[in-house]
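# Tertiary structure, described
Here is how the chains run, residue by residue.
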Amino acid sequence: MTRPVLGRWFEELEPGTIVQHAFRRTVTETDNVVFTTMTMNPAPMHLDADYAASTEFGKPLVNSMFTIALVVGLSVPELTHGTIVAQLGLDAVSFPAPVFHGDTIRVESEVVEARASRSRPRAGLVVFEHRAYNQRDELVCRARRTGLMYRRPTGADGSHGAQGSAP
């Protein structure tokens, strides 16, 4: 099956590699309300502006589960689009500063570990550390994500943005 490949193959993900992701995203009130209600989270700190005004933050906080999903999503084009077998886990997730409606999030990712898969000869395990910053360059999220990544297929030239054939 031929499909667009934008991500990086296992061989291109050496520890120490840092990627500054091209896309950024401004978080809206709609994002927060829809995500929070869709996931059945009734916390007033996300949905009740009057309540949130009485907290130490003075306004609604963006749901942290939306934040982590956005962080991972912003990393996909340059890292895993068309080159990942499966996401295996998230760990060491932290939110050192709050995210509010109107904040613009940018992400950088670092490859912290990469090793060949013992059970899948056409793949390898890669641990990424994603770091997200707001428009004031405050760290708002940090997370490690483990992905099972395809090895470069035989005959693939490694160019990004071209049609490629994933195994």
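Above this note sits the structure.
Below is a summary of the structure that appears in this document. (Residues numbered from 1 in each chain as written. Predicted model: local features only at pLDDT ≥ 70, side-chain atom pairs only at ≥ 80, totals over all residues. Heavy atoms only, no water.)

Here we come to the overall build of the protein chain. Counting secondary structure elements, the protein chain contains four helices and eight strands. For the protein chain, with 167 residues in total, the buried portion stands at 42%. A sequence separation of at least 24 residues applies to 73% of the contacts in the protein chain between residues at least 6 apart. On the protein chain, roughly 8800 Å² of surface is accessible, and the fraction owed to carbon and sulfur atoms is 53%. (Helix = DSSP H or I, 4+ residues; strand = E, 2+ residues; numbered from the N terminus. Buried < 20%, exposed > 50% of the residue type's maximum accessible area, 1.4 Å probe, protein only. Contact = heavy atoms within 4.5 Å. Areas by Shrake-Rupley, 256 points an atom, 1.4 Å probe, with all protein chains shown as cover.)

In terms of nonpolar packing, the biggest core is built from 16 residues, with Val-27, Ile-105 and Ala-132 touching the most fellow members. It is helix α4 (residues 64-79) that provides the largest number of residues to this core, a total of five residues. Setting aside residues up to four positions removed in sequence, Ile-105 forms contacts with Arg-24, Arg-25, Val-27, Leu-70, Leu-74, Val-99, Ala-132, Tyr-133, Asn-134 and Val-140. Counting residues in each nonpolar core, the second largest holds eight residues, with Phe-10, Val-19, Val-126 and Phe-128 among its members. (Core = buried A, V, L, I, M, F, W, Y, C linked by side-chain atoms within 4.5 Å.)

Turning our attention to the side chain of Thr-80. Mapped onto the elements of the fold, Thr-80 is located in the loop between α4 and β4 (84-94). For Thr-80, a relative accessible area of 4% corresponds to the buried category. Among all residues touching Thr-80, those that are not within four sequence positions of it are Gly-7, Ser-75, Phe-128, Arg-145 and Met-149.

Glancing now at the pairing of strand β5 (residues 104-116). Strand residues, when the strand is regular, have side chains that alternate between the two faces of the sheet. As paired strands, strand β2 (residues 18-20) and β5 are joined by three bridges and run antiparallel to one another. Bridge assignment links Ile-18 to a residue of β5, and that residue is Glu-110. The pairing of strand β3 (residues 25-26) with β5 spans two bridges and is antiparallel. Following the sheet pairing, Arg-25 is matched in β5 by Ile-105. Judged from the ten bridges that link them, β5 and strand β6 (residues 123-133) form a sheet pairing that is antiparallel. From the neighbouring strand, Glu-113 faces β6, where its bridge partner is Val-127. In sequence, β5 turns back onto β6 through a hairpin of six residues. (Pairing = 2+ DSSP bridges.)

Residues of helix α1 (residues 29-38) that are buried: Asp-31, Asn-32, Phe-35 and Thr-36. What you see down the axis of α1 is that its buried residues fit within an arc of 110 degrees, all on one side. Exposed residues on α1 whose side chains face more than 90 degrees from its buried face are Glu-29, Thr-30 and Met-38. Against β3, α2 (44-47) and α4 lie the buried residues of α1. A positive phi of about 65 degrees marks Met-40, the residue just after α1. (Arc of directions from axis to C-beta.)

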